[in-house]
Amino acid sequence: MHQEIIARFDSLKEKQLSIDITRGKPDKEQLDLSNDLIDLSIPISSEDGIDLRNYGEPFGIIEARRLGSELLNAPIENILAGEQSSLLLAYQTVLSNYLFADPIPWKDIKNPKFVCPVPGFDRHFMMLDDFGIEAVPIPLKEDGIDLLAFEEALKDDEDFVGILCVPKHSNPSGEIYSDDNLQRMFEIGSNYSNKFLFLFDHAYLIHDFLPTPEQKPLWQVVEESNVQDQTVVTTSFSKVTFGGGSISFMATSGHSMDLIKKVRTTMIICPDKLNQKRHVEFFKDAATVKSHMQKHAKLIRPKFELAYEYLEKLPEECGTFSRPTGGYFITYSTSKPIATKVVELCKEMGVLITPAGSTFPKNYDPNDSVIRIAPTYVTKDELADAMNVFTTSVEMAHFGIEI
Ligand SMILES: Cc1ncc(COP(=O)(O)O)c(C=O)c1O
């Protein structure tokens, strides 16, 4: 059996592949779905007469905020429509609390900490790291965060300032948080402090490609739990229209809304209102956005299925893999501590995978096990080669085959 694996390694190496499956990006066909947006002719005023070509409306034009309100199921007064990045809104949220949180700005807390469910999104960890905020990992379960671990983390420590979650199609392992899990999270966090921030990155809010467990709209659970002022939800159209060329939304309330408005007022005079208008004209309403997402689903789903075809061929003893119902990633968890080795072997055969460990704070996966696969961006032929390389690498590392 080892001879066969070595032969596969040699023939893949001979192909001199150069394939990058590190990031979850839409492919060209997905981007083409929104081409009409580029040449769309739009009026120069918003529906309430604001000149879109000039400064003004720092928190977004009314029609963009209405679309955000429909998508996030939050009242329009709780919605801010921003420029092209939801990550920027999350960053501004952390920044605003770092500088101005009441009664103590986070910068004046000796060792501020965030709870971070793992595996998670590397840029979230980078963001917290920028502020010297410690990301304290807790495990994810199928239906959301490990609530016991959450309670335990908060128990004897006064320096926690928030939690950062991707509540649907979690990046990278695809969990869907249940309403009960969210409601209990709110209970535990708000009992800990009425300033404890629930920061939700809802990047994959409408990105299902298979039937997905029902969730109540997040803002509804927020309202039922009465934590509007200590919750911030962000999302964007980065994987709806154009990566880095879309619009973003935030839902929040009370002091959290005041804080974000304060930092944004210093930082940016207003978002790109023309692009906001273009997006509203292109979609009109949330129902159209959702039917547009079905076109994405048709393109994405076969790529996940192709990846599974290869992963299913791996001996079960090597590890397990996720089968998400949406989002952009598959996680493979090796049963032995070999993730770093697998990623190195892939690189040797010309396939770049997100570095092992990057789905954990400080790039430290204690089990050296979790590997994130991003199947969407490459062509199907490239993906087939990449998965062949990946599975060959897993087998080589698992069975200790040295070349
Ligand atoms: C969880 C998560 N949040 C945010 C982003 C980036 O979103 P945006 O382009 O709106 O900043 C990504 C992109 O991969 C993501 O996976």
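**Considerations on the pairing of strand β2 (residues 79–82)**
Here comes step 1: Here β2 shows two buried faces, one formed by I79 and A81 and the other by L80 and G82.
Here comes step 2: Sheet topology places β2 next to strand β9 (residues 248–251); 4 bridges connect them, and they run antiparallel. Opposite I79, over in β9, you have A251 as the bridge partner.

**Points about the site of the ligand**
Here comes step 1: Taken together, the neighbourhood of the ligand is formed by G24, S85, S86, L87, F121, V166, N171, D201, A203, S236, S238 and S248.
Here comes step 2: Considering only residue class, the shell around the ligand consists of 4 nonpolar, 7 polar and 1 charged.

**Notes on the sheet that holds strand β6 (residues 160–165)**
Here comes step 1: Ordered in space as β2-β9-β8-β7-β6-β3-β4-β5, the 8 strands form an open sheet in which the pairing is mixed. Unpaired on one side and paired on the other, β2 and β5 (144–145) mark the two borders of the sheet.
Here comes step 2: In this sheet, β6 lies alongside strand β3 (residues 113–118) in parallel orientation, the contact comprising 3 bridges. If you follow V115 over to β6, its bridge partner there is I163.
Here comes step 3: Taken strand by strand, helix α3 (residues 62–72) contacts β2, β8 (231–236) and β9, and its axis lies near 120° from that of β2.

**What to know about the domain arrangement of the chain**
Here comes step 1: Split into domains, the chain comes out as domain 1 (2–24 + 293–398) and domain 2 (37–284).
Here comes step 2: Each of domain 1 and domain 2 has a C-alpha centre, and these two points are 30 Å apart.
Here comes step 3: Mapped onto the side of domain 1 that touches domain 2, the elements with two or more residues apiece are α11 (286–311) and β13 (370–373).
Here comes step 4: Counting residues per element, the side of domain 1 that touches domain 2 draws most heavily on α11, at 4 residues.
Here comes step 5: Of the residues assigned to the side of domain 1 that touches domain 2, the class counts are 8 nonpolar, 7 polar and 2 charged.

**Comments concerning the packing of α3 against helix α10 (residues 273–283)**
Here comes step 1: At their nearest, the axes of α3 and α10 sit 9 Å apart, and the two run at 55° to each other. Taken together, α3 and α10 sit at an angle that is classed as oblique. The interaxial crossing formed by α3 with α10 has left-handed handedness. Contact residues: α3 offers E63, A64 and L67, while α10 offers Q276, H279, V280 and F283.
Here comes step 2: Of the residues contributing to the contact of α3 with α10, the split by class is 4 nonpolar, 2 polar and 1 charged.

Parameters at a glance
- Residues numbered from 1 in each chain as written.
- Predicted model: local features only at pLDDT ≥ 70, side-chain atom pairs only at ≥ 80, totals over all residues.
- Buried ≥ 20, exposed ≤ 12 C-beta atoms within 10 Å, placed from the backbone.
- Helix = DSSP H or I, 4+ residues; strand = E, 2+ residues; numbered from the N terminus.
- Pairing = 2+ DSSP bridges.
- Near = placed C-beta within 6 Å.
- Nonpolar A, V, L, I, M, F, W, Y, C, P; charged D, E, K, R; others polar.
- Contact = placed C-beta atoms within 7 Å.
- Axes fitted to C-alpha atoms, helices over the stretch in contact; angles between N-to-C directions.
- Domains from an automatic or database assignment.
- Parallel < 35°, antiparallel > 145°, perpendicular 65-115°, else oblique.
- Left-handed = near helix turned anticlockwise from the far one by under 90°.

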